[in-house]
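# Residue-level structure breakdown
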Amino acid sequence: MGTRIFYWTGTGNSLWVARRIGDELGGASLFPVAKSKGKNQSVDSEVVGLVFPVYIWGVPAPVIRFVNTLNGLQPEYIFAIAVNGGQVSNTLIQLKKVMASSGLSLSAGFEIRMPSNYIPWGGPGPREKQRELFTLAGEKISRIAAGIREKVPMAVEKGPLWQRIIFTALYNLSFSRVPAMDKKFWVDDRCNACKICLRVCPASNITLREGKPLWNHQCEQCFACLQWCPRQAIQYGKRTPKYERYHHPEVILKDMLKSGDLLRKDVEPMRRP
Ligand SMILES: Cc1cc2nc3c(=O)[nH]c(=O)nc-3n(C[C@H](O)[C@H](O)[C@H](O)COP(=O)(O)O)c2cc1C
């Protein structure tokens with residue numbers, strides 16, 4: 001069974017989930033959404049998967065743009081996994097609609113809870129709790145893989161109705177504001193201009209000015225720049241100096257750089273729809 005799994009990730013949770021599901025299915029190939037650069041994808045795999053984090057209770061903009069590049073694809077089975085910090089809300093219902101408008105039929109959509117990387121609201125939680133989440137995620141991935149192998153169509157997973165009503169309104173309100181939310185990033189005096197933030201940013205949104213990173217308002221809010229800064233010199237708003245940084249313990253910086261072809265210097269920033 002040929003399986004192609006596309007993933008978007010800021011701190012490696014979704015990459016880890018994509019890898020695990022790929023291993024369970026056997027012989028799956030993984031491809032980073034950040035590397036697609038808006039080009040139409042021609043995929044001849046029987047099974048196509050999409051693994052991505054939930055952002056502001058919905059589908060991240062680069063994932064929406066990416067789905068549009070799959071227009072006309074007709075694999076036998078399409079599955080999605082929305083990796084989240086505990087509130088998947090309406091994300092997979094939204095994705096199903098986005099796919100339908102590109103002529104794609106989502107066969108099954110699952111949510112998987114992992115440590116939260118939304119650092120403005122706090123750190124990822126105690127290590128023991130993180131390990132517990134990884135174990136539960138691994139168990140769920142095995143169950144999901146069994147259904148995918150049999151190509152079982154399933155209703156998408158969703159949060160409670162109150163969440164879907166209130167949080168979808170918040171998603172819609174904030175969606176167009178996300179690119180400029182990078183105004184809150186700043187660097188403290190530990191920054192030594194190592195440029196890792198530039199290289200790890202999947203939106204190519206960061207440049208250096210006078211030896212300091214400058215965010216150019218094409219942000220996707222993935223927090224890769226802040227979370228992967230080796231000196232913890234990047235901050236967001238007032239509270240992040242006191243919060244612990246996070247990335248998935250089995251994902252390393254090199255995996256992230258590969259994810260976006262980010263060793264290239266000439267990539268254009270990705271545009272929102
Ligand atoms: C901007 C932003 C918004 C987020 N919004 C949500 C959310 O609405 N619900 C939720 O459960 N988790 C939310 N999270 C947490 C992430 O979905 C979660 O930590 C995910 O595992 C990160 O995946 P990654 O490591 O592949 O980037 C958010 C994270 C970020 C950075």
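Residues numbered from 1 in each chain as written. Predicted model: local features only at pLDDT ≥ 70, side-chain atom pairs only at ≥ 80, totals over all residues. Heavy atoms only, no water.

## Describing the packing of helix H1 (residues 13-25) against helix H4 (residues 127-149)
Here is the rule we go by: Working convention: axes come from line fits to C-alpha atoms, limited for helices to the stretch in contact. Angles between N-to-C directions cover 0 to 180 degrees. The helix count covers DSSP runs of H or I at least four residues long, the strand count covers runs of E at least two residues long, and both are numbered beginning at the N terminus. Any angle between 65 and 115 degrees counts as roughly perpendicular, while under 35 counts as roughly parallel, over 145 as roughly antiparallel, and the rest as oblique. A clockwise turn of the near helix away from the far one marks a right-handed crossing, whereas an anticlockwise turn of less than a right angle marks a left-handed crossing. Between two residues, a contact is recorded if the distance between any of their heavy atoms is within 4.5 Å. In this classification, the charged set is Asp, Glu, Lys and Arg, the nonpolar set is Ala, Val, Leu, Ile, Met, Phe, Trp, Tyr, Cys and Pro, and all remaining amino acids, among them Gly, are polar.
Where H1 contacts H4, the two axes come as close as 9 Å, and the packing angle between them is 45°. Considered as vectors, H1 and H4 are oriented oblique to each other. The way H1 lies across H4 gives a crossing that is right-handed. Two secondary-structure elements touch here, H1 through Trp-16, Val-17, Arg-20, Ile-21, Glu-24 and Leu-25 and H4 through Phe-134, Ala-137, Gly-138, Ile-141, Ser-142, Ile-144, Ala-145, Ile-148 and Arg-149. Of the residues contributing to the contact of H1 with H4, the split by class is 10 nonpolar, two polar and three charged.

## Considerations on unusual backbone geometry
Operational definition: Residue burial is assigned from relative accessible area. The probe radius is 1.4 Å, only protein chains are included, and a residue is buried under 20% of its type maximum, exposed over 50%, and partly exposed in between.
Of note in the backbone geometry, Lys-37 takes a positive phi value of approximately 45° without being a glycine. Tracing the sequence through the fold places Lys-37 in the loop between strand S2 (29-32) and strand S3 (47-53). Assessed through its relative accessible area of 25%, Lys-37 is described here as partly exposed. For Ser-89, which is not glycine, the phi torsion reads 50° and is therefore positive.

## Concerning the sheet that holds strand S1 (residues 3-7)
Spelled out, the test is: Whether two strands pair depends on DSSP finding at least two bridges between them.
Strand order in the open sheet made by the five strands is S2-S1-S3-S4-S5, with parallel pairing throughout. The open sheet has two free edges, formed respectively by S2 and strand S5 (108-113), since each of these has just one partner strand. Across the sheet, the mean angle from the axis of one strand to that of its neighbour is 20°, orientation sign disregarded. With five bridges connecting them, S1 and S3 associate as parallel partners. Among the inter-strand pairings, Phe-6 is bridged to a residue of S3, identified as Leu-50. Packed onto the sheet, helix H3 (residues 91-101) meets S3, strand S4 (77-84) and S5 and runs at close to 145° relative to S4. Strands S3, S4 and S5 of the sheet are contacted by H4, whose axis makes an angle of about 170° with S5.

## Regarding the layout of surface pockets
For clarity, the threshold we go by: For each structure, a 1 Å grid was placed over the protein atoms alone; sets of points admitting a 1.4 Å probe that cannot get out are labelled cavities, open sets with protein on both sides within 12 Å along at least five of seven lines are labelled pockets, and lining residues have an atom within 4 Å of a point. Grid points are joined across faces, edges and corners, and a volume is the space filled by probe spheres set on the points. Marked domain ranges trace back to an automatic or database domain assignment.
There is about 980 Å³ of room inside the largest pocket. Taken together, 40 residues make up the lining of the largest pocket; nearest its centre are Ile-56, Ser-116, Asn-117, Tyr-118 and Trp-121. For the lining of the largest pocket, the elements supplying multiple residues, two or more each, are H1, S4 and H4. Sorting elements by how many residues they give to the lining of the largest pocket places H4 first, with three residues. Tallied by class, the residues present in the lining of the largest pocket amount to 17 nonpolar, 18 polar and five charged. Taken together, domain 1 (3-165) and domain 2 (177-259) each give at least three residues to the lining of the largest pocket, which thus spans both.

## Re the domain arrangement of the protein chain
What counts, and what does not: Throughout, the accessible surface (probe 1.4 Å) given up by two parts as they are put together, summed over both, is called the buried area. Criterion for a salt bridge: a side-chain nitrogen of Lys or Arg within 4 Å of a carboxyl oxygen of Asp or Glu.
Taken domain by domain, the protein chain comprises domain 1 (3-165) and domain 2 (177-259). For domain 1 and domain 2, the distance between their C-alpha centres works out to 23 Å. Taken residue by residue, the interface counts 33 residues in domain 1 and 28 residues in domain 2. For the pair domain 1 and domain 2, the summed buried area comes to about 2,400 Å², and 59% of that belongs to carbon and sulfur atoms. A per-residue breakdown of the area domain 1 buries against domain 2 is headed by Thr-11, Ile-119 and Pro-120, which together make up 24% of the total. A salt bridge links Glu-244 to Arg-127; the nearest nitrogen and oxygen atoms lie 2.4 Å apart.

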